[in-house]
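# A look at the structure
Listed below, chain by chain, are the residues.
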Amino acid sequence: MAAQCVSKVELSISCENLLDKDILSKSDPLCALYINAGGTQWVEVDRTEKLQNCLNPKFNKRFCIDYYFEVVQKLKFAIYDIDNQTYDLSDDDFLGEFECTLGQIVSSKKVTRPLVLRDRRPAGRGTITIEAEELKDNRVVFFEVEARKLDKKDLFGKSDPFLEFYRQSSDGKWQLAHRTEVIKNNLNPVWRPFKISLQALCGGDLLKPVKVECYDYNNSGSHELIGIFQTNVERMSQAKRGSPVEFECINEKKKKKKSYKNSGVVSVKECRIEREYTFLDFLMGGCQLNFTVGIDFTGSNGDPRSPISLHYINPHGFNEYLAAVWSVGLVIQDYDYDKLFPAFGFGA
């Protein structure tokens, strides 16, 4: 059998001019990714985070997909306005969708297309942009970041700061790589530790420019810029515990003031690069899997002489329990060195 041409592809999603479905605010968009399972059947495989009050979202979450050169992989990107806490999207406002193949995205690297409604009419002026990148580098960067003396932006409070990390693409434009959580009412925030794939942050080039923007979060979606700085991964990776690397946040609009120094300082307490091992790495490294079976023999499963019982003594040799044990065991046995599977029963 010929080897399949397969590789990992990461897709980043952004939209512009989405439909505004909220009366007193803007839409709260989310992007769901579907893969065609045959005919008209679509299966959701992943979704981005929801962005509050935003008609031009740049989603932080990226989609990672196996790309098979010889297979036509049909994809659908559907945008929804999320106004409740349920996971089901059927009760949320539909903002538009776009269908294509993964091959079309990979061959173009970057695709921008109009969104359409389910009746194929245009979804206003809404567009979606999908950028594809092959994942060749499985290293990740672990960060611990804090800031101090950030500018106060709120009238009746302090600021609600968050950070956005951007990588520079080949055309010179900045692409969002990561967005931190919001720290409420704090001019000296300490963000939770986070990680970014080295591929997403700098394309594996430690000297490639990285831009970091610090914002004050507003529920309206109109976040106020606190300050910006540029650096690279090599510079940030010099940070060690007890010896942070610090950067001044600069707001260009304030630089005209003679007394202006900065809008706060962002301190990278730790920035370390590690390889993130895949499941296949563990298996090829000698990882063994053990398979233990537990069977429920209680009477609640029904009379074993009845075909509707899970314990049915089938004259053809199979019942539901045996089929389950058999299907799992056939897979696991290849990774168990002694091929012995303990079996336990209870409730007999």
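All of the points below concern the structure found in this document.

Reading the values: the criteria
Residues numbered from 1 in each chain as written. Predicted model: local features only at pLDDT ≥ 70, side-chain atom pairs only at ≥ 80, totals over all residues. Heavy atoms only, no water. Helix = DSSP H or I, 4+ residues; strand = E, 2+ residues; numbered from the N terminus. Rg over C-alpha atoms; globule rule 2.2 N^0.38 Å. Buried < 20%, exposed > 50% of the residue type's maximum accessible area, 1.4 Å probe, protein only. Lys, Arg positive; Asp, Glu negative; His and termini not counted. Charge placed at Lys NZ, Arg CZ, Asp CG, Glu CD. 1 Å grid on protein atoms, 1.4 Å probe; cavity = no way out; pocket = protein on both sides within 12 Å on 5 of 7 lines; lining within 4 Å. Points joined across faces, edges and corners; volume = space filled by probe spheres on them. Nonpolar A, V, L, I, M, F, W, Y, C, P; charged D, E, K, R; others polar. Pairing = 2+ DSSP bridges. Axes fitted to C-alpha atoms, helices over the stretch in contact; angles between N-to-C directions. Core = buried A, V, L, I, M, F, W, Y, C linked by side-chain atoms within 4.5 Å.

### Topic: the overall build of the protein
Helix and strand counts for the protein stand at five helices and 18 strands. Compactness check: the protein gives a C-alpha radius of gyration of 26 Å against a globular reference of 20 Å for 348 residues, more than 25% above the reference. Each principal axis of the C-alpha atoms in the protein carries an extent, and together these give about 90 × 55 × 50 Å. Across the 348 residues in the protein, those meeting the buried criterion constitute 41%. In the protein, 47 positive and 49 negative side-chain charges are present, and the distance between their average locations comes to 8 Å.

### Here we look at the layout of surface pockets
Put simply, the largest pocket is a space of about 920 Å³. For the largest pocket, the lining is made up of 36 residues, of which Lys109, Lys110, Glu131, Ser169 and Gln175 are closest to its centre. Looking at the lining of the largest pocket, the elements with two or more residues in it are β1 (6-16), β8 (122-134), β10 (161-168) and β11 (174-179). When residues in the lining of the largest pocket are grouped by element, the largest group, eight residues, is from β1. For the lining of the largest pocket, the residue count by class is twelve nonpolar, ten polar and 14 charged. Taken as a whole, the second largest pocket spans an internal volume of roughly 770 Å³. Forming the walls of the second largest pocket are 22 residues, and the residues nearest its centre are Glu10, Cys64, Leu135, Ser197 and Glu276. Where the lining of the second largest pocket is concerned, the elements lending two or more residues are β1, β9 (139-148), β11 and β12 (194-197). In terms of residue count, the dominant contributor to the lining of the second largest pocket is β12 (three residues). Split into classes, the residues belonging to the lining of the second largest pocket amount to eight nonpolar, five polar and nine charged.

### Here we look at the sheet that holds strand β13 (residues 210-216)
Spatial strand order, β11-β10-β13-β14: four strands in an open sheet with antiparallel pairing. The strands lining the two open edges of the sheet, one partner per strand, are β11 and β14 (224-231). Recorded for the sheet is a direction-independent mean angle of 30 degrees between the axes of neighbouring strands. Where β13 meets β14, seven bridges bridge the pair, whose relative direction is antiparallel. By the bridge assignment for β14, Val210 is matched with Thr231.

### Some remarks on the nonpolar core
Core analysis: the biggest nonpolar cluster contains 36 residues, and Leu11, Phe77, Ile105 and Ile128 have the highest contact counts within it. For this core, the elements supplying multiple residues, two or more each, are β1, β2 (29-38), β4 (63-68), β5 (74-81), β6 (93-101), α1 (102-108), β7 (110-116) and β8. Of all hydrophobic cores here, the second largest spans 30 residues; its members include Cys202, Val210, Cys214 and Cys249.

### Looking at the sheet that holds strand β16 (residues 265-275)
Strand pairing in a sheet takes place through backbone hydrogen bonds and is either antiparallel or parallel in direction. Reading across from one edge, β12-β9-β16-β15 is the order of the four strands in this open sheet, with antiparallel pairing throughout. Looking at the sheet topology across the chains shown, the edges are occupied by β12 and β15 (245-248). Averaged over neighbouring strand pairs, the angle between their axes works out to 35 degrees when direction is ignored. Note that β9 and β12 share four bridges and pair antiparallel. The partner of Val141 across the bridge, within β12, is Ile196.

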